[in-house]
Amino acid sequence: IKNIDILVWHLLLATRSFYLSSLAHPRQELASFAAHARKPGTMVKRVHVEKARSAQSICKKCRKKINLDQLRAGCDVWMAGRTVTAWLHMNCMASCFKFDRCKAAGKCKLSGETMSKGDARLELAKEYTGIFFKLDHSASALSAFLKEHPMDPKSIKGFDVLSTEEKKLLWPSALKKRPAASWKPGVLKR
């Protein structure tokens, strides 16, 4: 077993040195990659909604598989030294929204505008993504999600901490009461 471990170790070293020699300037390429990954605007800040392309993704909240062709919601986050999309079931994502006040200064992930301590914000699955939006940008950031999974802002945790003026900044179509469909018994429209 010792000889096998030594053989594997040498194979790994040879592979690493071959890879590094294939790069023209490995340190420069790694540095430029790191700089690109941290550039503002390189991450997509909106919530993505799509049908799952495989059955391999796992919901970050419930830890269950997201089935093939099932609608899923996700956002790009920085994890393990790279940008990845954190996927959640639509209902799991909806249950992760929360209105809150900034605990310290920060930035809106959609606009890049600064938020001061005490400003109202929308948290997007804080435990899984660490993404926050200013209230006036929340409708834009959630547009794809709200199109597939309409929800009333009143149903989101923390709605009661918002002032009347702050509530006016939320997605207006959900706040307005929709007229009831006109239906008459025995009448079927074609």
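Being a predicted model, the structure only gives us computed values, none of them experimental. Sequence order sets the numbering: in each chain, residues are counted from 1 along the sequence as written. With pLDDT at 70 or above as the cut-off, local features in this predicted model cover only qualifying residues; side-chain atom pairs require 80 or more to be listed or tallied, and sums for whole chains, interfaces and linings still use all residues. The side-chain numbers reported here are obtained from all heavy atoms of the structure, hydrogens and water having been left aside.

**Student:** An account of the sheet that holds strand β2 (residues 71–79) is requested, with residue identities and associated values reported.
**Tutor:** Sheets are built from strands paired through backbone hydrogen bonds, the pairs being either parallel or antiparallel. Each pair of strands is called paired provided DSSP finds at least two bridges between the two strands. Where helices and strands are cited, they refer to DSSP runs of H or I of at least four residues and of E of at least two residues respectively, numbered from the N terminus. If you trace the three strands from one edge of the open sheet to the other, you get β1-β2-β3, paired in antiparallel fashion. A strand with exactly one partner marks an edge of an open sheet, and here the two such strands are β1 (48–51) and β3 (82–89). Across the sheet, the axes of successive neighbouring strands diverge by a mean angle of 40°, strand direction being ignored. Judged from the eight bridges that link them, β2 and β3 form a sheet pairing that is antiparallel. Paired with W78 across the bridge in β3 is T83. The angle between two axes is taken between their N-to-C directions and runs from 0 to 180 degrees, where each axis is a line fitted to C-alpha atoms and a helix contributes only its stretch in contact.

**Student:** Run through the pattern of salt bridges, naming residues and quoting values.
**Tutor:** Salt bridge criterion: a side-chain nitrogen from Lys or Arg within 4 Å of a carboxyl oxygen from Asp or Glu. According to the stated counting rule, one finds eight salt bridges in the structure shown. A salt bridge links D100 to K103; its shortest N-O distance comes to 2.8 Å. The shortest N-O distance in the salt bridge between R101 and E166 comes to 2.8 Å. Of this pair, R101 sits in strand β4 (residues 97–101) while E166 sits in helix α6 (residues 164–167); the two residues are 65 residues apart in sequence, bridging distant segments of the chain.

**Student:** Can you lay out the sheet that holds strand β8 (residues 131–134) for me, pointing to particular residues and giving the numbers?
**Tutor:** Spatially, β4-β7-β8 is the arrangement adopted by the three strands of the open sheet, whose pairing is antiparallel. Among the strands making up the open sheet, the edge pair consists of β4 and β8. The mean angle between the axes of side-by-side strands here comes to 35°, regardless of whether they run parallel or antiparallel.

**Student:** Outline the nonpolar core, listing residues and values.
**Tutor:** For soluble globular proteins, nonpolar side chains are generally found buried alongside one another. What makes a nonpolar core is a set of buried Ala, Val, Leu, Ile, Met, Phe, Trp, Tyr and Cys residues whose side-chain atoms join them at distances within 4.5 Å. The classification of residues rests on relative accessible area computed with a 1.4 Å probe and restricted to protein chains. Under 20% of the type maximum is buried, over 50% is exposed, and intermediate values are partly exposed. Core analysis: the largest hydrophobic core is formed by 36 residues, its most contacted members being M93, F97, F99, L124, L142 and F145. Of all elements in the fold, only β2, β3, α3 (90–95), β4, β7 (120–124), β8, α4 (135–141) and α5 (143–148) reach the threshold of two or more residues within this core.

**Student:** Please give an account of the side chain of R121 that cites residues and values.
**Tutor:** With respect to the helices and strands, the residue R121 is situated in strand β7. By definition, residues are in contact when any of their heavy atoms lie within 4.5 Å. Excluding residues within four positions of it along the chain, R121 makes contact with K98, F99, D100, R101, C102, K103, M115, F132, F133 and L135.

**Student:** Would you mind going over the confidence of the model for the protein chain in detail, with residue names and values included?
**Tutor:** Per-residue confidence from the predictor is reported as pLDDT, a score between 0 and 100. For the protein chain, per-residue confidence averages 76 on the pLDDT scale, and residues scoring 70 or more make up 64% of the total. Here residues 174–190 is a poorly scored stretch, pLDDT under 50, and it has nine contacts once near neighbours within four places are set aside; other chains count.

**Student:** Which residues make up the packing of aromatic side chains, and what are the values?
**Tutor:** Two aromatic rings, drawn from Phe, Tyr or Trp (for Trp, its six-membered ring), form a pair once their centres lie within 6.5 Å of each other, and the interplanar angle then sorts them: stacked below 30 degrees, edge-to-face above 60, tilted otherwise. Applying the stated criterion across every chain, the model contains two aromatic pairs. Judged by centre distance (5.3 Å) and plane angle (90°), the rings of F97 and F145 are edge-to-face. Of the two residues, F97 sits in strand β4 while F145 sits in helix α5, which places them 48 residues apart along the sequence. The pair F97 / F145 is uniform in exposure class, with both members buried.

**Student:** I'd love a proper account of unusual backbone geometry, names of residues and values included.
**Tutor:** The phi dihedral of R63 is positive, around 65°, even though this residue is not glycine. Mapped onto the elements of the fold, R63 is located in the loop between β1 and β2. On the accessibility criterion, R63 (59% relative accessible area) is exposed.

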